Amino acid sequence: MKNLYEPGQMIETKIVAITNDTIFIDLGLKSEGFLDKAELADENGNVSVKEGDSIKVYFAGASHDELHFTTKLSGQKADKSVLENAYKNGIPVEGSVSQEIKGGFEVMIGNTRAFCPYSQMGYRQRKEPAEYVGTHQTFKITEYKNEGKNIIVSNRVLLEEEAAAELNKLAETIQVGAIVKGKVKSIESYGAFIDLNGFQALLPVSEISHVRVSDVASVLKVGQEVEAKVIKTDWAHERVSLSTKELEKDPWDGIEEKFPLGTEIEGVISRVADFGVFINLAPAVDGLVHISKLDVERNTNLKKVYKAGDKMAVVVDSVDTEEKRISLSPVVSNEEQDNANDYMKSHSNDDDGYSYNPFAALLKK
């Protein structure tokens, strides 16, 4: 059994069992191969794989007819031939960052020296160079020359591959239309970034609520849990857009029953435009009083006459639920209406009982 695999040989197989400290893999033999569970566990001991998952591993050695595999080669067991095999087959190796040197770091892979450029250490959350010295990292050998005397390694390449793999997993679950849960990571003027298991998606300010939001910090707090709907994905650029508004009831549902034609209501001016005044009738529902219906002279600057926050009594003229538009007119005050009625009554008939005619009245005089 010991001669079935060469040290560093890669195989792709499936996980058949996971115990407290060991992961067993299928070799198509009477017995399974195994690897240490700690290799695939996070700082809390949780593993990212399960029984039945496919996995790529490398043969580390045999002991008492047990075949030991690993997801990376240990530098202590890696001689020059093993390292060359790791280079040719893209096998990750463990190394210790011994010191900072010109242009990067000296890395010890067992007793073999290698060089890692500054640009190839770390990925997105990069530390200060001194913080890497003395740490154990996993590398991929990118150059192997002069029989192992000149070896260049990269930590970044592996981190990029891991990130790409995680991104592919997310892309399978985070699809347009999916409902996701996450926490507010940061708040910006244009929206909030929501953490979805390590991936940050954007919740634009326009998608927070049907109610107009002018200050994101007034409705969301860092660390707050939110539930949202995925409305757009662009995995090529690692961008996902969310909406909490999509999960709210549409305030325009049943609006015709709530505001039938002729309804009089006192609303609040929400916005003043050049062509008219918008009146808030209900949360996230505005109607428009067109400038032609306002008692102002032509070319009047409406922003000098009306201001947001002022109250205005209006009557509903029309409702278009499909376009989400409500046309309004100002309500004439009772005093104005009474004065108009009195005027019309006083001129409804002349002294002879005939309808009032201004020309006839003038001839009489």
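Figured I'd write up the structure that's included with this text. Counting of residues starts from 1 at the beginning of each chain's written sequence and follows it residue by residue. Since the coordinates come from a predicted model, pLDDT governs what is reported: local features require at least 70, and pairs of side-chain atoms require 80 or more to be given and counted, while whole-chain, interface and lining totals use all residues. With hydrogens and water excluded, all non-hydrogen atoms of the structure serve as input to the side-chain values.

Looking at helix H1 (residues 80-89)
Along an α-helix, a turn takes 3.6 residues, which lines up residues three or four apart on a common side. Accessible area is worked out with a 1.4 Å probe on protein chains only. A residue is then buried under 20% of its type maximum, exposed over 50%, and partly exposed in between. The secondary structure listing takes helices from DSSP runs of H or I that are at least 4 residues long and strands from runs of E that are at least 2 residues long, numbered from the N terminus. Of all the residues in H1, the buried ones are Val82, Leu83 and Ala86. All buried residues of H1 project into a common sector of 100° when viewed along the axis, lining one side. The contact definition used throughout considers only heavy atoms, calling two residues in contact when any of these lie within 4.5 Å. Those residues of H1 that are buried are in contact with strand E6 (93-101), strand E7 (104-109), strand E8 (112-117), strand E9 (136-145) and strand E10 (150-154). Taken from the residues just after H1, glycine 90 is the one with a positive phi, measuring 65°. Note: the arc covers the axis-to-C-beta directions of the helix.

Quick notes on the sheet that holds strand E19 (residues 311-320)
Pairing between strands requires that DSSP locate at least two bridges from one strand to the other. Strands sit in the order E16-E17-E18-E20-E19 around a closed barrel of five strands; the barrel is mixed. For this sheet the average axis-to-axis angle between neighbouring strands, irrespective of direction, equals 50°. As judged from the two bridges shared by strand E18 (residues 285-290) and strand E20 (residues 325-330), these two strands associate in the parallel manner. Opposite leucine 288, over in E20, you have serine 327 as the bridge partner. Between N-to-C directions, angles cover 0 to 180 degrees, with each direction set by a line fitted to C-alpha atoms, over the stretch in contact for helices.

Some words on the pairing of E9
Strand direction decides the pairing type here: E6 and E9, joined by four bridges, are antiparallel. Each bridged residue has a counterpart across the sheet, and for glutamate 94 the counterpart in E9 is threonine 138. Across five bridges, the pairing between E9 and E10 is antiparallel. Looking at the pairing, tyrosine 144 lines up with isoleucine 151 of E10. Once E9 ends, the chain turns through four residues before running back antiparallel as E10, passing asparagine 146 with a positive phi of about 50°.

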